[in-house]
Amino acid sequence: MTAALTAPTPPAAARASGAPRQWRWLARLHRPALISGGALFLLVAAALVWLGGPLTDASAAAWKAYNACGFTPRCSYDQSSILLYKDVYNWTTIAVLTVPFLVAAWAGGALVGRETESGTARLAWTQGVSPARWLASRLVAPAVLTVAVTGLLAALHHWAWAAGRDRIDTTKFWHDMATFHANGTVPVGLALAGLAAGALAGLLLRRAMAALATAAVTVGVLWAAVHAAVPYLWPSVTRVSSLEEGPLGRGLLVGQGVLTPKGRAEAPCVNGGLDSCRDTLTDMGATAFYRDLHPASHYWPLQLVATGILLAVAGLLTYAAFRVLRRTTGTARG
């Protein structure tokens, strides 16, 4: 296996001119993916601009007319605009969150996996490009493109969401998990981790489809891990309320329950106004409800910490990819 990837030592002159040729070769080799990816980006970006502009205005006007109806039995308002806004928002949110999976699949299946499977990588090494520079060319330019595309889509999503806030009654809360991720920097960090995971999978498996699937699954695992860890990445605040009021406070929920003389306990019910609930809480010795949560002011700290963790993972995966390449080709630094 090692012999199949053994890299020849390129001449010094060839090494000096290898990088520019690699950029051109990379663009030609992946032209179909770049064209289709660019078309998809423009489509999603246009949908987000439409969502945050005319569609938000139409939906907000429809909600204003609906709220003015009161209890009027016959009232006219543009329901189709309300439903269309909801559908476009949901689909564009899914599209933004799908980008890291697409990046990982492309990196594993085509960017690295296909070249190691077909022998194109070894051909590049015989043309004056060291293995390390070959891998760097497969990571640097795609990483810049990934940051630009994913970052712009996330920024447009945040802008479109903010345009409907306080104007459309069904606008998602900031702490809705799909909205939380699509509105910030997490997709950028996840996409870069997916790029590195795809490169590593391509070098290890040397099979395009296997690397594609492995990279996509890795992104899914990372996304699930971030989703589960987000509430604990920043200190939460606690809201204490009376038993009659029930748990109070809106934001990203971390936990809630009741306060007793022995400390915190799980709440068997949350409506202290009901006789049955009040009696149960009295038997427990409960004195108040508590709720641990993140207010809106914690949004960016949570986003940036989560993104920082993902960038660290991306860095580790990139380092592992270069180590694997060096071990399998038997080369020193290129």
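As a convention, each chain's residues are numbered from 1 in the sequence order in which they are written. Under the rules for a predicted model, residues below a pLDDT of 70 receive no local features and side-chain atom pairs below 80 are neither given nor counted, while totals for whole chains, interfaces and linings still include all residues. Side-chain numbers here rest on the full set of heavy atoms in the structure, without hydrogens or water.

A.B. asks: Tell me about the packing of helix α2 (residues 31-69) against helix α3 (residues 79-118), and please be specific about residues and values.
C.D. replies: Between α2 and α3, the shortest axis-to-axis distance is 9 Å and the interhelical angle comes to 155°. It follows that α2 is roughly antiparallel to α3 by the angle criterion. For the crossing formed where α2 meets α3, the hand is left-handed. A fitted line through C-alpha atoms represents every axis, and for helices the fit uses only the stretch in contact; the resulting angles, taken between N-to-C directions, go from 0 to 180 degrees. Helix numbering and strand numbering both begin at the N terminus, where a helix is a DSSP run of H or I of at least 4 residues and a strand a DSSP run of E of at least 2. To sort the angles, those under 35 degrees are grouped as roughly parallel, those over 145 as roughly antiparallel, those from 65 to 115 as roughly perpendicular, and the leftovers as oblique. Take the far helix as your reference; a near helix turned counterclockwise from it by less than a right angle gives a left-handed crossing, and one turned clockwise gives a right-handed crossing.

A.B. asks: Before we move on, can you summarise the packing of α3 against helix α5 (residues 131-164) with the specific residues and values?
C.D. replies: At a closest axis distance of 11 Å, the pairing of α3 and α5 adopts a crossing angle of 175°. If you check the angle between α3 and α5, you find them roughly antiparallel. Across from Y85, Y89, T92, T93, V96, V99, V103, W106, L111, V112, E115 and T116 in α3, the residues of α5 making contact are W134, R138, P142, T146, T150, L153, A154, H157, A160, W161 and G164. Taken together, the residues of the contact of α3 with α5 break down into 14 nonpolar, seven polar and two charged. Only heavy atoms enter the contact rule, under which two residues are in contact if any of them lie within 4.5 Å. Residues were grouped as follows: Ala, Val, Leu, Ile, Met, Phe, Trp, Tyr, Cys and Pro as nonpolar; Asp, Glu, Lys and Arg as charged; and all remaining residues, including Gly, as polar.

A.B. asks: Hey, could you go over the layout of surface pockets for me, with residue numbers and the actual values?
C.D. replies: A 1.4 Å probe that fits but cannot get out identifies a cavity on a 1 Å grid over protein atoms alone, an open set with protein on both sides within 12 Å along at least five of seven lines counts as a pocket, and a residue lines either if it has an atom within 4 Å of a point. Grid points are joined across faces, edges and corners, and a volume is the space filled by probe spheres set on the points. Quantified by volume, the largest pocket comes out at close to 560 Å³. Every residue lining the largest pocket is counted, 22 residues in all, and those nearest its centre are A33, G37, G38, L102 and V103. The set of elements that each furnish at least two residues to the lining of the largest pocket consists of α2, α3 and α5. Taken together, the residues that form the lining of the largest pocket break down as 16 nonpolar, six polar and no charged.

A.B. asks: Tell me about the sheet that holds strand β4 (residues 288-294), and please be specific about residues and values.
C.D. replies: Taken together, the four strands give an open sheet; going across it, the order is β1-β4-β2-β3, and neighbouring strands pair in antiparallel fashion. Because the sheet does not close on itself, it has two edges, and the strands there are β1 (237-241) and β3 (263-265). Between one strand axis and the next, the sheet turns through 35° on average, direction left out of account. The criterion for strand pairing is that DSSP finds at least two bridges linking the strands in question.

A.B. asks: Hey, could you go over the confidence of the model for the protein chain for me, with residue numbers and the actual values?
C.D. replies: Each residue carries a pLDDT score, the predictor's own confidence in it, on a scale running from 0 to 100. Mean pLDDT for the protein chain: 86, with 88% of residues reaching 70 or above. Looking over the protein chain, one finds the lowest element-wise mean pLDDT in helix α1 (residues 12-29), namely 56, and the highest in helix α6 (residues 177-182), namely 95. In this model, residues 12-17 is a region of pLDDT below 50 whose contacts with residues beyond four sequence positions or in other chains number six contacts.

A.B. asks: Go over the environment of L281 with me, naming the residues and quoting the values.
C.D. replies: With respect to the helices, strands and loops of the structure, L281 is situated in helix α9 (residues 275-284). The buried label goes to any residue with under 20% of its type's maximum accessible area, the exposed label to any with over 50%, and the partly exposed label to all in between, with areas taken from a 1.4 Å probe on protein chains only. Under the relative-accessibility criterion, L281 is labelled buried at 0%. Expressed as a C-alpha distance, the spacing of L281 and V258, which sit 23 residues apart in the sequence, is 8.4 Å. Those residues within four positions of L281 in sequence are excluded, and the remaining contacts are L243, V258, P268, C269, G272, A286 and F289.

A.B. asks: An account of the pairing of β4 is needed here, citing residue identities and associated values.
C.D. replies: Among the seven residues in β4, seven count as buried, and that is most of the element. Here five bridges tie β1 to β4, and the two strands are oriented antiparallel to one another. Paired with S241 across the two strands is F289, which belongs to β4. Note: strand β2 (residues 252-260) against β4, seven bridges, orientation antiparallel. Looking across to β4, one finds that L259 is bridged to A288.

A.B. asks: A description of unusual backbone geometry should follow, citing residues and the corresponding values.
C.D. replies: Positive phi is not limited to glycine here, since D166 has a value of about 70°. Structurally, the position occupied by D166 is in the loop between α5 and α6. Judged by relative accessible area, D166 falls into the exposed class, the value being 79%.

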